[in-house]
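Per-entry structural report
Chain residues, written in single-letter form:
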Amino acid sequence: MSEQREHWGGKLGFILAAAGSAVGLGNIWKFPYITGENGGSAFIIIYLICILIVGVPVLLAEVLLGRYSQRGPISTFKLYAKKHRPFWMAVGGLFFLTGLIILSYYNVVAGWSMGYMVESVIGNISAFSSSGDAAQHFNQLVSNPLWIIFWQFLFVAAGGLIVYFGVKNGIEKIARLLMPIFFIILLSLVIWGISLEGSEKGLNFLLKPDWSTVSYKTILIALGHAFFTLSVGMGVLLVYGSYINKTDNIVFCGIMIAILDTMIALMAGLAIFTSVFAMGFNPAEGPGLVFHVLPAVFSSIPHGGIFSTLFFFLLSIAALTSTISILEMLVSSIMDETRLSRHHIVIGASALVFVLGIPSALSFGGWSHIGLWNLNIFDVMDYLSANILLPLGGMLVAIFVGWYLSKKDVLYELHQGFGLTTTKRNIGRVWLFLVKYVAPILIFLVFLSAIGVIK
Ligand code: PFF
């Protein structure tokens, strides 16, 4: 290893940074539209179950593995896989690849958010007479390669700059600064949404389940999203976990991260659906919900420009604290394995991610005809990573912690900083049971159903 491993300044720093990773486009852009498309609260109930019995246990397993090994994913598997080492090293490589894929297209949407923030300031986002008009404006922008690549580049550069400064002085400082601002803006948007006349229709949509649209595919989407939203299944939390001090309570931290992430997704859903319904728009608009419908909503209310600026600022912050976590995972993996300095790696990795993202960026314009299974490149990246690679990664982490490490070591690591009362020992046992049996089996079954083996 080339440099001494850094650590967080404190438990709060870790919680905010990891919550910053978890809270992202997944919460504000994706969660509301997949909820809109998959039956409203019926989907939310399935999603919450996935978070509770699979997401949180695997999240804890990943953080624990990182703190235990004090290394990134590739080195961790290399060092601790006593059996089947080449296979596990390939898993580390898979995490790296998943990170590259997610980061490449994630930066594109993040770039749109930043671009839309500036469009809002100029006054371009609050003068639409219908969502059709807003959609047309959006399509015009995203099919313009210069606009899209410019914002994508700026976003990659912003993330790179933060990671350049390291764990404590870059990532932790930014998370401590931005997360509270994020929360205050979101809370104001929720209060505003609820105060609109007709907002109760949005509340109804979020509270009354419609089970008629639920299928195995819904469960796959909910499970995939549980991993995506918690940032689990590709080693990001493993790397963040490797910067935690041995005296910190990872059980408390893990639960806090999941609570914050879930609460923020629900708040974003509230802010969006109350305003969308109050203004009479359609909630099942798909990925365009935030960029087609919300601008039309902002156009139909007084001072819409201010709300629109705040909203896209919120989205940009959420995206930034997530992209830096993925970049940090890539950087840390390379740092473990080479003698290169953080600074050089950050520059190289950012350049790579930028170039890899260009096909996704062009998916909405000149390259929209290229793709697979009727999906454009951007959608292929999203589907592949969120619905397949992350649950697969999560399953592998659960198997590694549950079956490959010794039970004694795992429980020792879990209880360090957490304590050892009878209740805490029982929590440890239940957690290990979920990690060992429930999570891998459930994920496997959902996979089988998704590819049509069980109906
Ligand atoms: N959790 C982020 C979101 O909800 O937008 C996305 C993400 C970040 C996924 C980091 C995976 C990851 F490792």
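Model, not experiment: these values are computed from the prediction. (Residues numbered from 1 in each chain as written. Predicted model: local features only at pLDDT ≥ 70, side-chain atom pairs only at ≥ 80, totals over all residues. Heavy atoms only, no water.)

Within the structure, the ligand sits among 15 residues, and Ala 22, Gly 26, Tyr 106, Phe 228 and Ser 231 are positioned closest to it. Between Ala 22 and the ligand, the recorded distance is 3.0 Å, taken from a backbone N or O atom to a nitrogen atom. Within the backbone of Gly 26, a nitrogen or oxygen atom sits 2.7 Å from an oxygen atom of the ligand. For the ligand, whose accessible area on its own is 340 Å², the fraction buried by protein is 100%. The set of elements that each furnish at least two residues to the shell around the ligand consists of α1 (11–22), α2 (25–37), α10 (216–230) and α14 (304–337). Across the shell around the ligand, the residue classes tally to seven nonpolar, eight polar and no charged. (Near = heavy atom within 4 Å. Polar contact = N/O pair within 3.5 Å; in protein donor to acceptor, adjacent residues only side chain to side chain. Areas by Shrake-Rupley, 256 points an atom, 1.4 Å probe, with all protein chains shown as cover. Helix = DSSP H or I, 4+ residues; strand = E, 2+ residues; numbered from the N terminus. Nonpolar A, V, L, I, M, F, W, Y, C, P; charged D, E, K, R; others polar.)

This part takes up the packing of aromatic side chains. Inspection of the entire model under this criterion finds 40 aromatic pairs. Ring centres 4.8 Å apart and planes at 90° place the aromatic pair Phe 77 and Phe 400 in the edge-to-face group. Taken together, the residues span a long stretch of sequence, with Phe 77 in helix α4 (residues 73–80) and Phe 400 in helix α16 (residues 377–404) at a distance of 323 residues. Sitting over the face of the ring of Phe 418, Lys 424 holds its NZ or CZ atom 5.3 Å from the ring centroid. (Phe/Tyr/Trp six-rings, centres within 6.5 Å; stacked < 30°, edge-to-face > 60°. Lys NZ or Arg CZ within 6 Å of the ring centre and 35° of its normal.)

A few words on a nonpolar patch on the surface. On the surface, a nonpolar cluster with roughly 1000 Å² of combined accessible area is contributed by Ile 45, Ile 49, Leu 52, Ile 53, Trp 211, Trp 403, Phe 433, Tyr 437, Ile 441, Leu 442 and Leu 445. No other element matches the five residues that helix α18 (residues 422–450) contributes to the nonpolar patch. Among the structural elements, Ile 49 can be located in helix α3 (residues 41–69). By relative accessible area, Ile 49 is classed as partly exposed at 47%. (Patch = residues over 30% accessible without salt bridge, like charges linked within 9 Å, V, L, I, M, F, W, Y side chains within 5 Å. Salt bridge = Lys/Arg side-chain N within 4 Å of Asp/Glu carboxyl O. Buried < 20%, exposed > 50% of the residue type's maximum accessible area, 1.4 Å probe, protein only.)

On to the nonpolar core, then. The biggest cluster of nonpolar side chains holds 164 residues, and the ones touching the most others in it are Phe 14, Phe 291, Phe 311, Phe 312 and Trp 431. Here the element with the most residues in this core is helix α5 (residues 85–122); it accounts for 17 residues. Non-local contacts of Phe 14, meaning those with residues more than four positions away in its chain, are made with Trp 8, Val 63, Tyr 240, Gly 241, Ile 244, Cys 253 and Ile 257. (Core = buried A, V, L, I, M, F, W, Y, C linked by side-chain atoms within 4.5 Å. Contact = heavy atoms within 4.5 Å.)

Here the focus is helix α9 (residues 200–207). Looking only at α9, the buried set comprises Gly 202, Phe 205 and Leu 206. With its buried residues spanning 95° around the axis, α9 presents them on a single face. (Arc of directions from axis to C-beta.)

Going through the model one piece at a time under the given rule, you end up with seven salt bridges. Between Asp 382 and Lys 30 there is a salt bridge; the shortest N-O distance is 3.0 Å. Here Asp 382, found in helix α16, pairs with Lys 30, found in helix α2; they are 352 residues apart in sequence, far enough to count as distant. Judged by relative accessible area, which is 6%, Lys 30 ranks as buried. Residue Lys 78 is joined to Glu 337 by a salt bridge in which the shortest nitrogen-to-oxygen separation is 2.8 Å. Pair noted here: Lys 78 is in helix α4 and Glu 337 is in helix α14, with a separation of 259 residues, a long-range link. The class of Lys 78 is partly exposed, set by a relative accessible area of 33%.

Right, let's get into the packing of α10 against α16. Relative orientation of the contacting elements α10 and α16 amounts to 75°, with a least axis distance of 8 Å. With respect to α16, the element α10 is oriented roughly perpendicular. Judged by residue contacts, Lys 217, Leu 220, Ile 221, Gly 224, Phe 227 and Phe 228 of α10 engage Tyr 383, Ala 386, Asn 387, Leu 390, Pro 391 and Gly 394 from α16. For the contact of α10 with α16, a count of residues per class yields eight nonpolar, three polar and one charged. (Axes fitted to C-alpha atoms, helices over the stretch in contact; angles between N-to-C directions. Parallel < 35°, antiparallel > 145°, perpendicular 65-115°, else oblique.)

Here we take up the confidence of the model for the chain. Residues of the chain with pLDDT of at least 70 account for 98%, and the chain-wide mean is 91. Per-element averaging of pLDDT across the chain places strand β1 (residues 371–372) at the bottom with 73 and helix α11 (residues 236–241) at the top with 98. (pLDDT = per-residue confidence, 0-100.)

Taking 1.5 Å per residue, 20 residues should reach 28 Å; helix α15 (residues 342–361) reaches 27 Å between its end C-alpha atoms and fits that length. Among the residues of α15, Arg 342, Ile 345, Val 346, Ala 349, Ser 350, Val 353, Phe 354, Gly 357, Ser 360 and Ala 361 are the ones counted as buried. Close packing links the buried residues of α15 with α5, α6 (131–142), α7 (145–164), α8 (167–195), α14 and α16. (Expected span 1.5 Å × (residues − 1).)

Two numbers describe how α8 lies on helix α12 (residues 250–278): the axes approach to 8 Å, and their chain directions differ by 35°. Note on packing geometry: the crossing formed by α8 with α12 is left-handed. Contact with α8, carried on its side by Phe 182, Phe 183, Leu 186, Leu 187, Leu 189, Val 190, Trp 192, Gly 193 and Ile 194, involves Met 263, Ile 264, Met 267, Ala 268, Leu 270, Ala 271, Thr 274 and Ser 275 of α12 and no other residues of that element. Partitioned by chemical class, the residues of the contact of α8 with α12 number 14 nonpolar, three polar and no charged. (Left-handed = near helix turned anticlockwise from the far one by under 90°.)

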